[in-house]
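Listed below, chain by chain, are the residues.
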Amino acid sequence: MSILAKALEARSKKVNKVEKIKDSKNVMDVYAQLEDIASAGYENLSKEDSSYFLKCFGLFDKGNYFMLRVRIPIGQLNNEQAIRIGEVAQKYGDDYIDISTRMQIVLRYIKIENIAKVLHELKEVGLSTFQTGADNTRNFVADPLEGLAFDNIIDVKPIVDKLQELTIENPDWVSVLPRKFNAGILGSMSNSCNIFGHDGCFVLANKNGEFGFNVYLGARVGVQSRDANRFLTIDEVPTFYIALLETFKEYGFRDNRNKNRLHFLLESVGMEAFVKGVEERAGRAFQSAGQTLVQSQNIALGANRVLQRNGKYAYKIIAPSGVFSGTDLIEVAKRADTFGSGDLRLTYDQNIYVVDIAKELLDGFESTTIFSKYNKFNNIYFNDMIACAGTHTCSFGVIPNKPDAVDMANFLNREVSIESGMVRMNWSACPKGCGVHGIADIGFEGCKVKDDKGNRVDGVHIFLGGKITRRAFEARILHKSIPLKEAKYHVKYLLETYARLKDRGETFESFEDRYFSANYSYQAIGFFTKINYILNDKFDLGVTLELDKSPKTLKKENFEIFDFGLKLFKLLTGEKRYVAVEEFEPVLIKARKIKRDEVTKLNPKVPKALSEVIYMMTDNDKKSRASVFSELLVQLKAL
């Protein structure tokens, strides 16, 4: 423990203001006074309760109403609970529901005078809001079809029930951590819950013929967890988990809140020293890691009708960007009771599964009104889309986000219809990354940007190539600060390439790994989408630069630039660059003395600035030829 103690001492020179607030009163006293708080009204709501203590019970003050997070352990809702949540949303929350990436329900527009009523009505059906905000252990996530899917090896619900009993339902654990702690546990062979994206991750593994869990620790926004080199049997998970929390509680940093997550403690002391501290706390050593068995994306992602191992079916209702309603949740629950077991499963990608539908009842379920209402979103662009709250309901949001995600999905479905495959598009409204854009196939982070007229408009940074499979990998930025009205076209050209060159049924993640990353630099891909936007959507020249099935440019920018330049010249003139007549010679580039307006255009419709760019790409003199795409993109700004 000496390494941990020294790291804590080095970071204990000061304590952040939230820690001082936490020390000002007993958090459970605030919970006991909720009825008094509700009756007193906004004018008597203390700053400390509003900014911190109420968040421990899922209540977030939004000015004239409260947002409430309802804890749904590993996303499993029974019929009575689903109907009750719908009724509460109808009565107290403007009939609005969000499904979150932690597989739980978010209610909004709850007035202060209704707080106690809402919590009481939820508690009647066994629902808690404890520890869904602030410095607490957040909702556990898992495979939404755990216990049902063919690839599910360990049923983790009994484990999660035990962990809930030890922590969530124990007042001693409320508001004691230095920062929030997200946890995921996966008993399936495929990744259905971004299992590597949590502070504490328990991942299906095998050690000497026994199934259990390998431990991964320390994820945060933009960073995936790292292998802790420990294997746990099913019975060992609670012991390790409590020791893990206790170690983080005692030695976690409490100075700079931006650097107080478990990730930063691990960064300071090293993984092995921290795990040894956990083992000392647990009073035992644990085995070294076994073989991690997570191999691929889950059948719960990208599929709407899933055959369960009991011969029945699970059916996914697509909630676009996670937006639902209390009325529709009640209706789904009723139809689930009529055609299935009545239970519902919430998913990491913000959708809902109706489970245990007998094969002979599928047609009946598909003929229901609620099915028809949401079946229109049953396509590759909505199936696995994630979007956080955005400006409408989140003070951190930079762009509206949820409607932006829906607009783009509708646009892409019209422009690039893809019958089979899978693409994960995740949207975060700000750099906090609640939409987990960093691990998406194509990710979006909201920003403000100036358009071509100098107006400040909503925009995004576009990311490409995130992974959630066993080789969890963060996406790389493809474009910075693109106006939203332009961004959809960049994505369109990526997906047209996917549709044209993918193997049968191949996911975008696999395609990106096999084709984009293997054959082109990211700079080339960015230029490819930008130039096509200019050619088609800005100047309507009616030509499209296509990427080769088997490119031979070796991911070297100078080769890629020359190759693209030759193709663009041919597209715009009908001539090969070095067989063309004299009028197409790059007068400006060769002479460097002739005025800009004397440059020969490729054809009457091509802007001069674009002509210059193409000549820069194919100059006879290799020394004068552009060698990096950033040089070309600067020139294209003139357009």
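As a reminder, the structure under discussion sits directly above these lines.
The structure presented is a predicted model; accordingly, all values stated were derived computationally and were not measured.

K.L.:
Sorry if this is basic, but what is going on with the overall build of the chain here?
P.N.:
When helices and strands are tallied, the chain shows 22 helices and 22 strands. On C-alpha atoms alone, the chain measures out to a radius of gyration of 27 Å, which is about the 26 Å that the 2.2 N^0.38 rule sets for 639 residues. If you line up the chain on its principal axes, its C-alpha atoms span 85 × 65 × 60 Å. Out of the 639 residues in the chain, the part that is buried amounts to 59%. When contacts within the chain are restricted to residue pairs at least 6 apart in sequence, long-range pairs at least 24 apart make up 68% of them. On the chain, roughly 25900 Å² of surface is accessible, and the fraction owed to carbon and sulfur atoms is 48%. Averaging the positions of the 89 positive and the 83 negative side-chain charges in the chain gives two centres separated by 5 Å.

K.L.:
Hey, could you run me through helix H18 (residues 522-538) in this one?
P.N.:
Quick reminder: α-helices carry 3.6 residues per turn. Residues three or four places apart thus point the same way. When the terminal C-alpha atoms of H18 are compared, their 23 Å separation across 17 residues agrees well with the 24 Å that a helix rising 1.5 Å per residue should span. Of all 17 residues that make up H18, 14 are buried, and the element is covered over most of its length. Within two residues after H18, aspartate 540 carries a phi angle of roughly 50 degrees, on the positive side.

K.L.:
Teacher, can you tell me more about the nonpolar core here?
P.N.:
One recurring pattern in soluble globular proteins is that nonpolar side chains are buried together. With 129 residues, the main nonpolar core has Ile85, Leu107, Leu344, Tyr381, Ile442, Leu495 and Phe564 as its most contacted residues. Once you skip the residues sitting within four places of it in the chain, isoleucine 442 turns out to touch Val423, Arg424, Met425, Asn426, Ile462, Phe463, Leu464, Val491, Leu494, Leu495 and Phe508. If you look at the next biggest cluster of nonpolar residues, it comprises 44 residues, including Phe140, Ala142, Val176 and Tyr241.

K.L.:
Help me understand the packing of helix H21 (residues 608-618) against helix H22 (residues 629-636) in this model?
P.N.:
When two helices pack together, their arrangement is given by the angle between their axes and by how far apart the axes lie. Between H21 and H22, the shortest axis-to-axis distance is 9 Å and the interhelical angle comes to 165 degrees. Our classification of the angle between H21 and H22 gives roughly antiparallel. Relative to H22, the crossing made by H21 is right-handed. Counted together, Leu610, Glu612, Val613, Met616 and Met617 of H21 and Glu631, Leu632, Gln635 and Leu636 of H22 form the full contact between these two elements. Here the contact of H21 with H22 is composed, by residue class, of six nonpolar, one polar and two charged.

K.L.:
I keep staring at the sheet that holds strand E4 (residues 96-99) and nothing clicks. Help me out?
P.N.:
As a general point, the strands of a sheet are linked pairwise by backbone hydrogen bonds and lie either parallel or antiparallel. Pairing is antiparallel in the open sheet, where five strands are placed in the order E1-E2-E5-E4-E15. Pairing within the sheet leaves two strands with one partner each, and these edge strands are strand E1 (59-61) and strand E15 (323-325). Between one strand and the next, the sheet's axes are offset by a mean angle of 30 degrees, whatever the strand orientation. For E4 and E15, the ladder comprises three bridges, and the chain directions are antiparallel. In the sheet register, tyrosine 96 faces E15, and the bridge partner there is serine 325. Across the sheet, helix H6 (residues 79-92) lies against strand E2 (66-70), E4 and strand E5 (105-110), angled at about 20 degrees from E5, the strand it touches most.

K.L.:
Mind showing me how you'd approach the packing of aromatic side chains here?
P.N.:
Given two aromatic rings, one states the distance between the centres and the angle between the planes to describe the pair. By the definition in use, this model includes 37 aromatic pairs. Taking 5.5 Å as the distance between ring centres and 50 degrees as the angle between the ring planes, the aromatic pair formed by phenylalanine 140 and tyrosine 241 counts as tilted. Taken together, the residues phenylalanine 140 in the loop between helix H7 (115-123) and helix H8 (157-166) and tyrosine 241 in helix H9 (residues 237-251) connect sequence positions 101 residues apart. Feature note: the residues Tyr498, Phe508, Phe511, Tyr515, Phe516, Tyr520, Phe527, Phe564 and Phe629 constitute an aromatic cluster, connected by ring pairs. Here the basic side chain of lysine 488 rests over the ring of phenylalanine 411, its NZ or CZ set 4.7 Å away from the ring centre. When the ring centre of tyrosine 498 is taken as origin, the NZ or CZ atom of lysine 502, which lies over that ring, is 5.7 Å away.

K.L.:
Teacher, can you tell me more about helix H17 (residues 508-519) here?
P.N.:
For H17, the set of buried residues is Phe508, Glu509, Phe511, Glu512, Tyr515, Phe516 and Ser517. Angular distribution of buried residues about the axis of H17 spans 165 degrees; they occupy a single face of the element.

K.L.:
Even after reading the chapter, I still don't get the layout of surface pockets, so can you show me in this structure?
P.N.:
Sizing a probe to match a water molecule and rolling it over the atoms shows the empty space that remains. In this structure, the second largest pocket spans a volume of roughly 810 Å³. Around the second largest pocket, the lining is made up of 29 residues, and of these Ser481, Ile482, Glu486, Lys530 and Lys637 lie nearest the centre. Looking at the lining of the second largest pocket, the elements that each hand over two or more residues are strand E20 (442-450), strand E22 (476-483), helix H16 (484-501), H18 and H22. The greatest single-element share of the lining of the second largest pocket, amounting to nine residues, is contributed by H18. The residue inventory of the lining of the second largest pocket, partitioned by class, reads 14 nonpolar, five polar and ten charged.

Basis of the calculations
- Residues numbered from 1 in each chain as written.
- Predicted model: local features only at pLDDT ≥ 70, side-chain atom pairs only at ≥ 80, totals over all residues.
- Heavy atoms only, no water.
- Helix = DSSP H or I, 4+ residues; strand = E, 2+ residues; numbered from the N terminus.
- Rg over C-alpha atoms; globule rule 2.2 N^0.38 Å.
- Buried < 20%, exposed > 50% of the residue type's maximum accessible area, 1.4 Å probe, protein only.
- Contact = heavy atoms within 4.5 Å.
- Areas by Shrake-Rupley, 256 points an atom, 1.4 Å probe, with all protein chains shown as cover.
- Lys, Arg positive; Asp, Glu negative; His and termini not counted.
- Charge placed at Lys NZ, Arg CZ, Asp CG, Glu CD.
- Expected span 1.5 Å × (residues − 1).
- Core = buried A, V, L, I, M, F, W, Y, C linked by side-chain atoms within 4.5 Å.
- Axes fitted to C-alpha atoms, helices over the stretch in contact; angles between N-to-C directions.
- Parallel < 35°, antiparallel > 145°, perpendicular 65-115°, else oblique.
- Left-handed = near helix turned anticlockwise from the far one by under 90°.
- Nonpolar A, V, L, I, M, F, W, Y, C, P; charged D, E, K, R; others polar.
- Pairing = 2+ DSSP bridges.
- Phe/Tyr/Trp six-rings, centres within 6.5 Å; stacked < 30°, edge-to-face > 60°.
- Lys NZ or Arg CZ within 6 Å of the ring centre and 35° of its normal.
- Arc of directions from axis to C-beta.
- 1 Å grid on protein atoms, 1.4 Å probe; cavity = no way out; pocket = protein on both sides within 12 Å on 5 of 7 lines; lining within 4 Å.
- Points joined across faces, edges and corners; volume = space filled by probe spheres on them.

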